[in-house]
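Geometric and topological summary
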Amino acid sequence: MQGPLEPRQKDKAAAVDPEETAVTLLGWLASEPDMMSRFLALSGIQAPQLRQAINDPGFLAGMLDFVMAHEPSLMAFCETTNTKPETVVAAWHHYSGPAMD
């Protein structure tokens, strides 16, 4: 049986703007030099290109893919920024489209 707050909590996670989540993720990556270096190396993007890239939905999808592919990184991001994992998943689905389960 669901409690009275569960649907509201789910709605709240879904109501967070995916772009806001992605920008928060970029800020977190910037504060984690090892993670940022790894992301830049894997994505092939140069640090000076980040300002332009943040406006590209494909870049945001790749950044969310990066954190979603490594659960410890996802959980570290969520813990540091007080972001629910469900919020990151919703942003990931928004930018990456439906996954093939």
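Anything mentioned here points back to the structure above.
None of the values given here were measured: they were computed from a predicted structure. Residue numbering note: each chain is counted from 1, following its sequence as written. In view of the model being predicted, local features appear only for residues whose pLDDT reaches at least 70, and side-chain atom pairs are presented and counted only at 80 or more, with totals across whole chains, interfaces and linings using the full set of residues. Side-chain calculation: all heavy atoms of the structure are included, whereas hydrogens and water are not.

**Remarks on the overall build of the protein chain**
Strands are runs of DSSP state E lasting at least two residues, helices are runs of H or I lasting at least four, and both sets are numbered from the N terminus onward. The secondary structure content of the protein chain amounts to seven helices and zero strands. Along the protein chain, helices (α) and strands (β) appear in the sequence α-α-α-α-α-α-α when read from the amino end. Any residue under 20% of the maximum accessible area for its type is buried, any over 50% is exposed, and the rest in between are partly exposed; the area is computed with a 1.4 Å probe on protein chains only. The burial tally for the protein chain puts 32% of its 101 residues in the buried class. Between two residues, a contact is recorded if the distance between any of their heavy atoms is within 4.5 Å. Put simply, of all contacts in the protein chain between residues at least 6 apart along the chain, 62% involve residues at least 24 apart. Throughout, the Shrake-Rupley method with a 1.4 Å probe supplies accessible areas, and for residues the shown protein chains are the sole cover considered. Carbon and sulfur atoms provide 55% of the accessible area of the protein chain, an area that totals close to 6,800 Å².

**Some details on the packing of helix H2 (residues 18–30) against helix H5 (residues 57–68)**
The relative placement of two packed helices is expressed as an angle between their axes plus a distance between the axes. Note on geometry: axes are C-alpha line fits, over the in-contact stretch for helices, and angles between N-to-C directions span 0 to 180 degrees. Across the interface, H2 lies against H5 with an axial gap of 10 Å and an inter-helix angle of 60°. Relative to H5, H2 is oriented oblique. As for the relative orientation of H2 and H5, their crossing is left-handed in sense. Of the residues in H5, those in contact with Ala-22, Leu-25, Leu-26 and Leu-29 of H2 are Leu-60, Met-63, Leu-64, Phe-66 and Val-67. A breakdown of the residues in the contact of H2 with H5 according to their chemical character gives nine nonpolar, no polar and no charged. Between 65 and 115 degrees an angle is taken as roughly perpendicular, under 35 as roughly parallel, over 145 as roughly antiparallel, and anywhere else as oblique. Note on convention: near helix rotated counterclockwise from far helix by under a right angle means a left-handed crossing. Clockwise means right-handed. All amino acids are sorted into three groups, where Ala, Val, Leu, Ile, Met, Phe, Trp, Tyr, Cys and Pro are nonpolar, Asp, Glu, Lys and Arg are charged, and the leftover types, Gly among them, are polar.

**Re the packing of aromatic side chains**
Classification of ring pairs rests on two measures: the distance between centres of Phe, Tyr or Trp rings, Trp counted by its six-membered ring, which must be within 6.5 Å, and the angle between planes, read as stacked under 30 degrees, edge-to-face over 60 and tilted in between. All told, the structure shown has three aromatic pairs when counted by the stated rule. Residues Trp-28 and Phe-77 carry aromatic rings whose centres are separated by 5.7 Å and whose planes lie at 70° to one another, so their mutual orientation is edge-to-face. With Trp-28 in helix H2 and Phe-77 in helix H6 (residues 71–81), the pair connects residues that are 49 residues apart, well separated along the chain. Residue Trp-28 is classed as buried on the basis of its relative accessible area of 5%. Given a relative accessible area of 0%, Phe-77 falls into the buried group. Geometrically, the ring pair formed by Phe-39 and Phe-59 is edge-to-face, given 5.7 Å between the ring centres and 70° between the ring planes.

Functional significance is not addressed by these values, which are geometric in nature.
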